[in-house]
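Geometric and topological summary
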Amino acid sequence: MILRGYEEWGRDVVTHLAGMFAFALWDSTRSELLLARDRLGIKPLYWAQHGGRFIFASEIKAILQDTAIPRGEDLKVLQRFLMFRVHDATEDTFFAGIKRLLPAHTMTVGPEGVRSTSCYWKPEVNPDFSGSRSDDDYAAEFAALFDRVIARHLISDVPVGVPLSGGLDSSGVVCTMAHLMDQGTDLHTKGRLHTFSALFPGQSIDESEYIHEVEQRTHSVPHYAYPDVDEFWAEMTDWIWFQEEPTIASAPYAYYCVYRIAKEHVTVMLSGNGGDELLAGYIPYFRAYMTSALDQHHWLALSRELFRGRDLYRGYLGEALRSRLPRQGGLLSMRPFLADEDGTLDGVTFSADRNLNARLASDVLAYSTPNLLRYEDKNSMAFSIEARVPFLDHELVEFIFNLPIDQKIDGGWNRAVYRRAMRGRIPEKNRLRRSKIGFTNPEVTWIRAYSARMRAIFDSPECRARGIYDNDRLVRDFDAWLAGAAGDPLIFWRTMVTELWMQRYMDQPVALAA
């Protein structure tokens, strides 16, 4: 199909494609290689140019099989990740000299090397705070489009299932799948809908009550993974090998466990990834809502939102204010741990948009969704499962980007238009839930459980020899945090996973099997 399209449209074939793809096409008449990646970057494509040779692959470890490729970390990428949790946002990977083709981009390569790179899709973003249509109109259009998108993603000739976290997005995907099954859609699973969830009995993050609500509504066949701290640490090296680059938290391990059990039952999975970033599913997005309302003089709407969502926003705004106050002890940033003898950290910055829709678009297209998609691709491919992400269907993305801001946050609710569209579709307990957890792990508990091992990693000769950290301060403040000092424990996670990644990818040969 792609070859025939290339005959007809040339490089513009990508504008006629839908869904996820990454491909390479050789045009012998032009002596030119065309590389292309889908609009949202659901499938990966990496490349390197060295010694007059051009190398590309869907995995970095495949490129590293070429021993001529220099092995080293990209220090700027590493510093930005450690300080701001930002990664996968540019063409640069954590590996110096190895690049990723960005989402919605094509690249042409000739015998002389890279000829051109171009972006073929950039959705319009509506900056307006409010629109002229009613809430019900927006919700009805969303619901109809969501049904079409899910139906497209269910086209398959192999068994299809879904990871169910109990959150709003995965609940909507599961319930819509059940709705379409009632209308005759075949999942190739003998008429049963299989759901796969991570449970943490007795932990505050356990989502069982919401998961069971959806299971009962859809009569699904449930399957459960029980991520365990001891198993996690035992598998850490292999898990990092699959991820290929550091992760901002251990949360992707829960997905890894879910895909492992899914392998025994299905070949394709539809996830809810991307919904939060498209529809302002996280409480910190309220800050951009607030600045949008102020900038466009919607003071009444802002006042109403502050009142109706006070149970959610009070804690967030209070913490935001406290974070600006001087602290005795405590950890305010990653920067004190990073060695900076040459002043390179001065050029490492990050800032977010004031307009909510622009902020969401930047997160979807650059700062958040790309790393979530990387995690999903690595975890699913580890078990030969095709992961599909209907929320990132480009037609649905374009529709959501065109919605006014008050369809994302309204009346004390985030994801407002989606909640309205799912009325009567998903259980009310899920549709009207205020909290958000999703697929994650009890990270603080897990860090404390293996704190001695983490401390040993920070204090190891290998870590000290990198010259990246102020290891004495890192160890001292980690001990202080363990003793009860204030601070973000994920700072220590990022440091630890980066060191283990370097040990696995920089210090050892990279085989194609874990």
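Throughout, residues of each chain are indexed from 1 in the direction in which the sequence is written. Totals for whole chains, interfaces and linings use all residues, but because this is a predicted model, local features are given only for residues with pLDDT of at least 70 and pairs of side-chain atoms are given and counted only at 80 or more. Side-chain metrics in this entry use all non-hydrogen atoms of the structure; hydrogen atoms and water are not considered.

1. Let's talk about the overall build of the protein
A run of DSSP states H or I qualifies as a helix once it reaches four residues; a run of E qualifies as a strand once it reaches two. Both are numbered from the N-terminal end. The secondary structure content of the protein amounts to 22 helices and 14 strands. For the radius of gyration, the atoms used are the C-alpha atoms, and the globule rule reads 2.2 Å times the number of residues raised to 0.38. The C-alpha atoms of the protein give 23 Å as radius of gyration, which agrees with the globular expectation for 514 residues (24 Å, within 12%). The principal-axis extents of the C-alpha atoms in the protein amount to approximately 65 × 60 × 50 Å. A buried classification covers 55% of the 514 residues belonging to the protein. Only heavy atoms matter for contacts: two residues are in contact if any of them lie within 4.5 Å across the pair. Sequence separation of 24 or more characterises 73% of the internal contacts of the protein that already satisfy a separation of 6 or more. Using a 1.4 Å probe, the Shrake-Rupley method yields the accessible areas, and only the shown protein chains count as cover for residues. Here the protein displays about 21800 Å² of accessible surface, and carbon together with sulfur accounts for 51% of that area. When charges are counted, Lys and Arg are positive and Asp and Glu negative, with His and the chain ends excluded. Note that the charge is assigned to NZ on lysines, CZ on arginines, CG on aspartates and CD on glutamates. Taking the average place of the 58 positive charges on the side chains of the protein and the average place of its 69 negative ones, the gap between the two points comes to 3 Å. The buried label applies to any residue whose accessible area, calculated with a 1.4 Å probe on protein chains only, is under 20% of its type's maximum; exposed applies above 50%, and partly exposed to all values in between.

2. Considerations on the layout of surface pockets
Residues are said to line a cavity or pocket when one of their atoms sits within 4 Å of a point; the points come from a 1 Å grid over protein atoms alone, cavities being sets where a 1.4 Å probe fits but cannot get out and pockets being open sets with protein on both sides within 12 Å along at least five of seven lines. Grid points are joined across faces, edges and corners, and a volume is the space filled by probe spheres set on the points. Approximately 460 Å³ is the volume found for the second largest pocket. For this classification, Asp, Glu, Lys and Arg are treated as charged, while Ala, Val, Leu, Ile, Met, Phe, Trp, Tyr, Cys and Pro are nonpolar and the rest, including Gly, are polar. For the lining of the second largest pocket, the per-class residue count stands at 18 nonpolar, three polar and eight charged.

3. Thoughts on the sheet that holds strand E10 (residues 221–225)
Reading across the sheet, the five strands line up as E10-E9-E8-E11-E12 and stay open at both edges, with parallel pairing between neighbours. Whereas interior strands pair on both sides, the edge strands pair on one side only; in this sheet they are E10 and strand E12 (386–388). Going from strand to strand, the sheet's axes swing by 30° on average, the running direction of each strand aside. Note: two strands are recorded as paired if DSSP finds a minimum of 2 bridges between them. Bridge analysis of strand E9 (residues 194–198) against E10 gives five bridges, and the strand direction is parallel. When the bridges of E10 are listed, Phe196 appears paired with His223. The convention used is that axes are lines fitted to C-alpha atoms, helices contributing only their stretch in contact, and that angles between N-to-C directions extend from 0 to 180 degrees.

4. Things to note about the environment of Asp228
Inspection of the secondary structure puts Asp228 in the loop between E10 and helix H7 (229–243). For the pair formed by Asp228 and Cys257, sequence separation is 29 residues and the distance between their alpha carbons is 9.6 Å. Residues adjacent in sequence count toward polar contacts only when both atoms are side-chain atoms; beyond that, a polar contact is any pair of N or O atoms within 3.5 Å, and within protein one must be able to donate a hydrogen and the other to accept it. A polar contact is formed between the side chain of Asp228 and the backbone nitrogen of Glu231, at a distance of 3.0 Å.

5. Some words on the sheet that holds strand E2 (residues 32–37)
To summarise the sheet geometry, strands pair through backbone hydrogen bonds and adopt either a parallel or an antiparallel arrangement. The antiparallel open sheet is built from four strands, whose spatial order is E1-E2-E6-E7. The open sheet has two free edges, formed respectively by strand E1 (22–27) and strand E7 (113–119), since each of these has just one partner strand. Going from strand to strand, the sheet's axes swing by 15° on average, the running direction of each strand aside. Sheet topology note: the E2/strand E6 (residues 105–110) ladder contains four bridges and is antiparallel. Of the residues in E6, the one forming a bridge with Leu34 is Thr108.

6. Focus on the environment of Tyr255
Tracing the chain through its elements places Tyr255 in helix H8 (residues 252–262). Tyr255 sits 190 residues away from Thr445 along the chain, and the two C-alpha atoms are 18 Å apart.

7. A word on the confidence of the model for the protein
Mean pLDDT over the protein: 91, with 92% of residues reaching 70 or higher. Segment residues 328–332: pLDDT under 50, and eight contacts once partners within four positions in sequence are set aside and those in other chains are kept. Confidence scores here are pLDDT values: one per residue, from the predictor, ranging 0 to 100.

8. Observations regarding the packing of helix H21 (residues 471–482) against helix H22 (residues 489–505)
Contact pair H21 / H22: the axes reach a minimum separation of 11 Å and the direction vectors enclose 140°. In terms of their interaxial angle, H21 and H22 are classed as oblique. As H21 packs across H22, the resulting crossing turns out to be left-handed. Residues Leu474, Asp477, Phe478 and Trp481 of H21 lie in contact with H22, whose contacting residues are Pro489, Phe492 and Thr495. Of the residues belonging to the contact of H21 with H22, the class tally is five nonpolar, one polar and one charged. Note on angle classes: values under 35 degrees are labelled roughly parallel, values over 145 roughly antiparallel, values of 65 to 115 roughly perpendicular, and the remainder oblique. For any pair of crossing helices, the crossing counts as left-handed if the nearer helix is rotated counterclockwise from the farther one by less than a right angle, and right-handed if it is rotated clockwise.

9. Things to note about H21
Multiplying 1.5 Å by the residue count of a helix minus one yields the expected span of that helix. For H21, spanning 12 residues, the distance from its first C-alpha to its last is 16 Å, which sits close to the expected 16 Å at 1.5 Å a residue. Buried residues of H21: Asn471, Leu474, Val475, Asp477, Phe478 and Trp481, and no others. Against the buried residues of H21 lie helix H18 (443–449), helix H19 (451–458), helix H20 (461–465) and H22.

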